[in-house]
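As a plain string of letters, each chain reads:
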Amino acid sequence: MDETYDVIVLGTGLTECILSGVLSVEGKKVLHMDRNDYYGGESASLNLSQLYQRFRNGQNPSEQFGRDRDWNVDMIPKFAMASGEFTNILYHTDVTRYLEFRQIAGSYVYRSGKISKVPSNQTEAVSSPLMGIFEKRRAKNFFEFIQNYDFNNPSTQQGLDLNTVTMADVYKKFGLEPGTQDFIGHALALHLDDTYINEPAKDTYERVCLYMNSMARYGKSPYIYPLYGLGELPQSFARLSAIYGGTYMLNKKIDEIVYEDGKVVGVKSEGEVAKAKVVIGDPSYFPEKSKKVGSVVRAICILNHSIPNTGDADSLQIVIPQKQVNRSHDIYVAAVSYAHNVAAKNYWIAIVSTIVESSAPENELQPAFALLGPIAEKFVEIKDIFEPVEDGTADGVFITKSYDATSHFETVCQDVKSVYKRVTGNELKVEGKVKKQDENGGAE
């Protein structure tokens, strides 16, 4: 281990593994260490025994749930947008050779106590139960405007320059009701709160286009998900990094981050020092350089039936927009099942999450629990969310953010791109596929 590296990465959470993989592919010499004896950190997937070990003090799982090895339960539920940044990273790094994805069967939004499929184009808007007959016509006009909009052609813009006008202006132009604004802003554009309404509309336009394009790719829903769970992702990026010369060490205690003149020069572990001028890691390795910005509550719910009113869907996302339940943050439900090799036959896993707003976090998830039907088993966890205090350019220590409550990867990708730019000085470009290396390090 007493060697010099371009980059040392601490923690094998998904964000860290993506960065490690991307930097390795670009020819950087990377050492990747984790204090745990398993991949994934906070974003690991657990089997049934591990789940009961973590939440039930090692109590034996009920026999009704079948074999241990049939379960791969995500601690951090996330779906990938089919045409999104995360899918582009998977394709660009060629990590897809280790993974098989399956489509998520449906994307739903909560309104007035019920869930309905999220309409994502003018045809679906016309048939959606979310809106009355006049609102459907207005929504149809809005979707046609989005699909036909061209920044270089004023005749498509209906007097709205999306670079400057706000989303409030756009909603007003089409006369859209607050409930319709809710599902456009939160279930299509996936905004975390309503501050976007008073900001330039271009960002929301791009987000809605991404949702539409992802829907068009496979139909049914815009999301895809890896068979055997998200725990496969960090391991796949680890394999990728190894092919490009990266070194991985699990179960490696980190004794000290070594500095000289205020800049990082290495990491000490078990008496040895690995040298590097750049260290990337999750906040748990740098408590003194991280600040708490909130907490997220997640409930893992095991069901022996599909979620009601979803047509027996084997998987789905539900977004409960904050205003619908008088909250300041949305509630997310990510549901997968035995169809994805993450649960025993005829079982579903629904993971409900939101940002904590009160002293009774589990109660905040009640609107989502009410949609799930009978729950066979429930595991609840509250986790603090940390962010770096500084951007890392002064001392060479670049810290990732904790995972938020969203049930998609878009915020993870924003963090990956942010850290990458701070480390390299360049924007992360993920166009096309890298030249492929085989398992022995040669080009294929």
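As shown above, the structure is provided for reference.
Residues numbered from 1 in each chain as written. Predicted model: local features only at pLDDT ≥ 70, side-chain atom pairs only at ≥ 80, totals over all residues. Heavy atoms only, no water.

Draft legend 1. Quick peek at helix H5 (residues 133-148). Here H5 contains 16 residues, and its C-alpha end-to-end distance of 23 Å stays within 8% of the 22 Å for a straight helix at 1.5 Å per residue. Considered for burial, the residues of H5 that qualify are Glu135, Lys136, Ala139, Phe142, Phe143, Phe145 and Ile146. Buried positions along H5 lie against helix H4 (122-127), helix H6 (167-174), helix H7 (178-188) and helix H8 (202-218). (Helix = DSSP H or I, 4+ residues; strand = E, 2+ residues; numbered from the N terminus. Expected span 1.5 Å × (residues − 1). Buried < 20%, exposed > 50% of the residue type's maximum accessible area, 1.4 Å probe, protein only. Contact = heavy atoms within 4.5 Å.)

Draft legend 2. Broad picture of the side chain of Lys78. Relative to the helices and strands, Lys78 resides in the loop between strand E4 (73-74) and strand E5 (80-81). In this structure Lys78 comes out as buried when scored by relative accessible area, which is 2%. A distance of 2.8 Å separates the side chain of Lys78 from the side chain of Asp404, its partner in a polar contact. A distance of 3.0 Å separates the side chain of Lys78 from the backbone oxygen of Thr406, its partner in a polar contact. Contact partners of Lys78, with chain neighbours within four places excluded, come to Tyr225, Leu230, Asp404, Thr406, Ser407, His408, Phe409, Thr411 and Val412. (Polar contact = N/O pair within 3.5 Å; in protein donor to acceptor, adjacent residues only side chain to side chain.)

Draft legend 3. Molecular detail of the pattern of salt bridges. Following the criterion strictly, the structure yields 25 salt bridges and no others. Arg97 is paired through a salt bridge with Asp94; the nearest N and O atoms lie 3.3 Å apart. Across the pair Lys289 and Asp395 runs a salt bridge whose closest N-O atoms are separated by 2.5 Å. Of this pair, Lys289 sits in the loop between strand E14 (279-281) and strand E15 (290-303) while Asp395 sits in the loop between strand E19 (377-388) and strand E20 (397-399); the two residues are 106 residues apart in sequence, bridging distant segments of the chain. Within this structure, Arg111, Glu135, Arg138 and Glu177 form a network of salt bridges that share partners. (Salt bridge = Lys/Arg side-chain N within 4 Å of Asp/Glu carboxyl O.)

Draft legend 4. Local environment of the sheet that holds strand E12 (residues 263-269). Taking strand neighbours across the sheet as the criterion, the three strands line up as E11-E12-E13 in an open arrangement whose pairing is antiparallel. The strands lining the two open edges of the sheet, one partner per strand, are strand E11 (256-260) and strand E13 (272-275). Between one strand axis and the next, the sheet turns by 35 degrees as a mean value, whatever way the strands run. Pairing of E12 with E13, which is carried by four bridges, proceeds in the antiparallel orientation. Paired with Gly266 across the strands is Lys275, a residue of E13. (Pairing = 2+ DSSP bridges. Axes fitted to C-alpha atoms, helices over the stretch in contact; angles between N-to-C directions.)

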